[in-house]
Amino acid sequence: MANSIHPENFQQKADDFTDNIDRRETVGKVFEILFLLGLLVGLFVLALLIFDICSDGLARFLTPGFITETPSRFPDRGGILPAVVSSLLLGLIVILVSVPVGVGAALYLEEYAPKTWWTDIIEVNISNLAGVPSIVYGLLGLGVFNYLLGFGPALISGALTLSLLSLPVIIVTSREAIRAVPDSLRNASYGLGVTKWQTISNHVIPYAVPGILTGVIISVSRAIGDAASLIVVGAVSFLTFSPGLFQRFMALPIQIYSYITRPEPGFSNAAAATIIALMLVILILNGAAIYIRQKYSLLR
């Protein structure tokens, strides 16, 4: 019969299908190995950097008074207390300012703003701002907070500048997290007669918190470790007191830069010890955010 299938043709097609599957599995294994190698290379470089920093600065970091004393012009004396206090205050203010503003902007763009040409322009500009160099934000902070608002080279100027630096990343990641909330969750809430704001506050935001906190972790870590914008705003490299909001301030990245530029050999160990302190500050802030993110992930 004309429509009959010959056993030879059927076997050939089966063999071709099997060969195609085997080829895809081989290609998949090759890419899996390449990705694993990329991960191992990154982890090896990270471990090498951490080992180098700890070998140079751990002894200095464990020296009594390194965290609790003010800086000194001698490499084996003094500490980094003003820089630690300033970095903690900077991180706290960045979180208090940029997170509500960034999440609020993301909620407006995703839930309230009409889909028009001007919202498209806003979205494009926000995405572009996430890639602007930090020194540009430093110049903006210098003009707005130092001169226009009259704060001068104070800690509040540096904190607000870092908040501007963090906003684009928080807005972009928050929008993605809000967009990932299923529409069925919103529709079920509306079907029960709940208002739009009650739906957002009771369902959308709790569901999106893990994704929002991911952006907060990334942006705050970048802000705490940034030095270029703080140098422009007016951070100093030597203080003998813990600063207030409207006083001259230090920061751990500025302290590291100051130690590295000094010719005495002991300051390189002090710089490595300060890097350890900076990593601990970032780990503490990120650990708190990760804990909250995991808590909300379990509630979903």
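Rules behind the numbers
Every chain is numbered independently, its residues counted from 1 as its sequence is written. pLDDT decides what is reported in this predicted model: residues at 70 or higher carry local features, side-chain atom pairs at 80 or more are listed and counted, and totals for whole chains, interfaces and linings draw on all residues regardless. Side-chain measures here rest on the full set of heavy atoms in the structure, leaving out hydrogens and waters. Comment: elements are numbered from the N terminus, with helices defined as DSSP H or I runs of at least four residues and strands as E runs of at least two. Values of the radius of gyration come from C-alpha atoms, whereas the globule rule sets the reference at 2.2 Å times the count of residues to the power 0.38. In what follows, a contact means two residues having at least one pair of non-hydrogen atoms within 4.5 Å. The protein chains shown are the only cover counted for residues, whose accessible areas, like all others here, come from Shrake-Rupley with a 1.4 Å probe. By the counting rule applied here, Lys and Arg register as positive and Asp and Glu as negative, while His and the ends of each chain are not counted. A single reference atom marks each charge: NZ on Lys, CZ on Arg, CG on Asp, CD on Glu. Here, a salt bridge means any side-chain nitrogen of Lys or Arg that lies within 4 Å of a carboxyl oxygen of Asp or Glu. Each residue is placed in one exposure class: buried if its accessible area under a 1.4 Å probe, protein chains only, is under 20% of its type's maximum, exposed if it is over 50%, and partly exposed if it falls in between. UniProt positions are given in the numbering used here, feature names are shortened, and annotations may be inferred rather than shown by experiment. In this analysis, rings of Phe, Tyr and Trp, with Trp reduced to its six-membered ring, are considered paired at centre separations within 6.5 Å, and the interplanar angle assigns stacked below 30 degrees, edge-to-face beyond 60, and tilted for intermediate values. For a Lys NZ or an Arg CZ to count as sitting over a ring, it must be within 6 Å of the ring centre and within 35 degrees of the ring normal.

Describing the overall build of the protein
Along the protein, the regular secondary structure elements total 10 helices and zero strands. Ordered by position from N to C terminus, the α and β elements of the protein give α-α-α-α-α-α-α-α-α-α. The C-alpha radius of gyration of the protein comes to 26 Å, more than 25% above the 19 Å expected for a compact globule of 300 residues. Considering only C-alpha atoms, the protein reaches an extent of 100 × 55 × 35 Å along its principal axes. In the protein, the proportion of contacts linking residues at least 24 apart, taken out of those at least 6 apart, comes to 72%. Counting only carbon and sulfur atoms, one obtains 69% of the accessible surface of the protein, whose full area is about 16,900 Å². Looking at the protein, you have 18 positive and 19 negative side-chain charges, and the mean spots of the two groups are 11 Å apart.

Considering the pattern of salt bridges
Inspection of every chain in the model, using the stated rule, returns seven salt bridges. Here E32 and K29 are joined by a salt bridge, their closest N and O atoms 4.0 Å apart. Here the residue E32 and the residue K29 both occupy positions in helix α1 (residues 7-61), the gap between them amounting to three residues, near one helical turn. For R186, the salt bridge identified is with E111, shortest N-O distance 2.8 Å. Of this pair, R186 sits in helix α6 (residues 183-191) while E111 sits in helix α2 (residues 81-112), and the two are 75 residues apart along the sequence. Each member of the pair R186 and E111 is classed as buried. What emerges from the salt-bridge pattern is a single network uniting E110, E123, R175, E176 and R179.

A look at the UniProt feature "transmembrane region" (unreviewed entry) in the protein
The sites that carry the UniProt feature "transmembrane region" (unreviewed entry) are, in the present numbering, residues 33-51, 80-109, 129-148, 227-246 and 266-292. Between the end C-alpha atoms of residues 80-109 there is a gap of 42 Å, over a span that is 97% helix and 0% strand. Secondary structure content for residues 227-246 is 30% helix and 0% strand, while the C-alpha to C-alpha distance between its ends is 19 Å.

Describing the UniProt feature "domain: ABC transmembrane type-1" (unreviewed entry) in the protein
Taking the numbering used here, the UniProt-annotated feature "domain: ABC transmembrane type-1" (unreviewed entry) corresponds to residues 84-286. From the first C-alpha to the last, residues 84-286 spans 16 Å; its make-up is 77% helix and 0% strand.

Comments concerning the environment of S87
Positionally, S87 belongs in helix α2. Separated by 47 residues in the primary sequence, S87 and L40 have C-alpha atoms spaced 32 Å apart. If we ignore the near neighbours within four places in the chain, the residues touching S87 are I224, A251, L252 and P253.

Here's the deal with the environment of P168
Its place among the elements puts P168 in helix α5 (residues 155-179). Considered as a pair, P168 and S219 are 51 residues apart in the sequence and their alpha carbons are 8.7 Å apart. Leave out the neighbours within four places in its chain, and P168 touches I126, L129, A130 and Y137.

Here we look at the packing of aromatic side chains
Tallied over the entire structure, the rule returns four aromatic pairs. A cation over an aromatic ring shows up here: K196 above the ring of Y112, its NZ or CZ 5.5 Å from the ring centre.

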